[in-house]
Amino acid sequence: MAKKSAKELIVGLDIGTSKVVAMVGDLAADGRLEVIGLGQHASRGMSRGVVVNIEETIKSIRRAVEEAELMAGCRIQSVFAGISGSHIKSSNSQGVVGVRSKEVTGADVDRVIEAARAIAIPADQTVLHVVPQEFAVDGQEGILEPVGMAGVRLEARVHMVTCSASAAQNIRRCIEGCGLHVDKLILEPLASSYAVLQPDERDLGICLVDMGGGTSDIAVFKGGSIRHTSVLPIAGAQVTNDIAMAFRTPPQSAEEIKLKYGCALPQLVRTDEHIEVPSVGDRPPRRLSRLTLAEVIKARYEELFRFIRKELHRSDFYDTVAGGVVLTGGSAKMEGVIELAEEVFEMPVRLGVPQNVSGLTEVARNPIYSTAVGLLLYGRQHQAHPNAEAEQGSVRYWVDRIGSWFKGNF
Ligand SMILES: Nc1ncnc2c1ncn2[C@@H]1O[C@H](COP(=O)(O)OP(=O)(O)OP(=O)(O)O)[C@@H](O)[C@H]1O
Ligand SMILES: [Mg+2]
């Protein structure tokens, strides 16, 4: 049952540590994207962003995809899928080529990007993205669109993201095991950035943190381009685990308590608030202070934010993210988390909610869907430029986007 041709539909598949989401987007002729289907299932075969059980992951994907198909009234054949995990590595690289005909052409741009990506990477890693940042023609730096410029020497700066070849292979295997084709694997924080960041933030400098269940994914943008990416294996699952350990309660109850009563800022909790906590074994439930819960939660979030701050210092981007930090993902929904993050980062922090799509917005405008919405937006860009790494934040993306603003389409 296919309502529309596959070409007009884009499907994002976010295989997270907590949940698998399949989101179907309908691409209108004017470029607008409407979410027409959403399927979600608990993720059972993933740990810290990587596949640890292929069978279980296939089952979760299948359920999510079936649900999305039912809602959208279509048959899903191929997907843009997310990838994350601490095997992700990133670096900035440069390439130089001679301009063939005294005027830079698209072919020269392709060659210089090829040259920039020709750096040695470990044998067990594979290239995921090569995102152009800026070009220089005959030493003149800061050029965003070099095609048509006169010159003899073209340089490019690119951001390269690599991942473990076997981790990527396992994700592909799970998706193909459901009879689906992989349009492209996309780094999850890069996908999320499409959904939650504003162009002025990307220009000024911003750090996006997608805090999920198994990983916290970081992407730094500056001057309109992505500059740094990194994945930390600390997120919501650790918070739940801390609650389970501190309150001696089963993980399932710890998760429920976290969602219902959790708060990352003890100042926001009244000292006389108590919660009923189930015990393990056949012991009776106990009444414990909500303030203690907030202290346990705060400790883990604070540790995570300190790690991120350290990572920003280590990569020399702390002082350049003048726009501050945007938090998204399920763990960013915790009460008091924005205020706590502002204390640790000592810069403005906001919650990132998916934007730039219509349809099912009351569902899709939830930070847990930032990656899925971002995958659709990435897919739209990729369909328009199948051969180019048309990354958001990349030069070509902006040229296209400015072009479509002028046409009044965006
Ligand atoms: N309202 C909330 N308050 C606090 N935490 C929440 C809330 N809603 C969801 N979470 C937590 O968010 C996490 C799931 O977030 P998300 O759905 O973004 O993860 P994921 O994409 O499946 O995982 P990952 O991206 O790490 O692979 C869980 O740990 C869950 O406990
Ligand atoms: Mg996620």
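What you are looking at is a predicted structure, and each value in this text was computed from that prediction instead of being measured.

1. Some points on the pattern of salt bridges
Consideration 1: According to the stated counting rule, one finds 18 salt bridges in the structure shown.
Consideration 2: Between Arg75 and Glu69 there is a salt bridge whose closest N-O contact spans 3.0 Å.
Consideration 3: Taking relative accessible area as the criterion, Arg75 reaches 52% and is therefore assigned exposed.
Consideration 4: Of the residues examined, Glu69 reaches a relative accessible area of 12% and is grouped as buried.
Consideration 5: Among the salt bridges present, the one from Arg314 reaches Glu311, with a minimum N-O distance of 2.9 Å.

2. A look at the confidence of the model for the chain
Consideration 1: Averaged over all residues, the pLDDT of the chain equals 90, while 92% of them reach at least 70.
Consideration 2: Between residues 390–410, whose pLDDT stays under 50, and residues either more than four places distant or in other chains, the model counts 53 contacts.

3. Re the site of ligand 1
Consideration 1: Near ligand 1, the surroundings consist of 20 residues, among which Thr17, Ser18, Gly214, Glu255 and Lys258 are the closest.
Consideration 2: Lys19 is positioned such that a nitrogen or oxygen atom in its side chain is 2.8 Å from an oxygen atom of ligand 1.
Consideration 3: Note that an oxygen atom of ligand 1 is positioned 2.8 Å from one of the backbone N or O atoms of Gly214.
Consideration 4: A total of 660 Å² of accessible area belongs to ligand 1 in isolation, and the protein chains cover 89% of it.
Consideration 5: Elements represented by at least two residues in the shell around ligand 1 include exactly helix 6 (236–247) and helix 7 (251–261).
Consideration 6: Among the elements that take part in the shell around ligand 1, helix 7 stands out by supplying three residues, more than any other.
Consideration 7: Taken together, the residues of the shell around ligand 1 sort by class into four nonpolar, eleven polar and five charged.

Thresholds applied
- Residues numbered from 1 in each chain as written.
- Chains lettered and ligands numbered in written order.
- Predicted model: local features only at pLDDT ≥ 70, side-chain atom pairs only at ≥ 80, totals over all residues.
- Heavy atoms only, no water.
- Salt bridge = Lys/Arg side-chain N within 4 Å of Asp/Glu carboxyl O.
- Buried < 20%, exposed > 50% of the residue type's maximum accessible area, 1.4 Å probe, protein only.
- pLDDT = per-residue confidence, 0-100.
- Contact = heavy atoms within 4.5 Å.
- Near = heavy atom within 4 Å.
- Polar contact = N/O pair within 3.5 Å; in protein donor to acceptor, adjacent residues only side chain to side chain.
- Areas by Shrake-Rupley, 256 points an atom, 1.4 Å probe, with all protein chains shown as cover.
- Helix = DSSP H or I, 4+ residues; strand = E, 2+ residues; numbered from the N terminus.
- Nonpolar A, V, L, I, M, F, W, Y, C, P; charged D, E, K, R; others polar.

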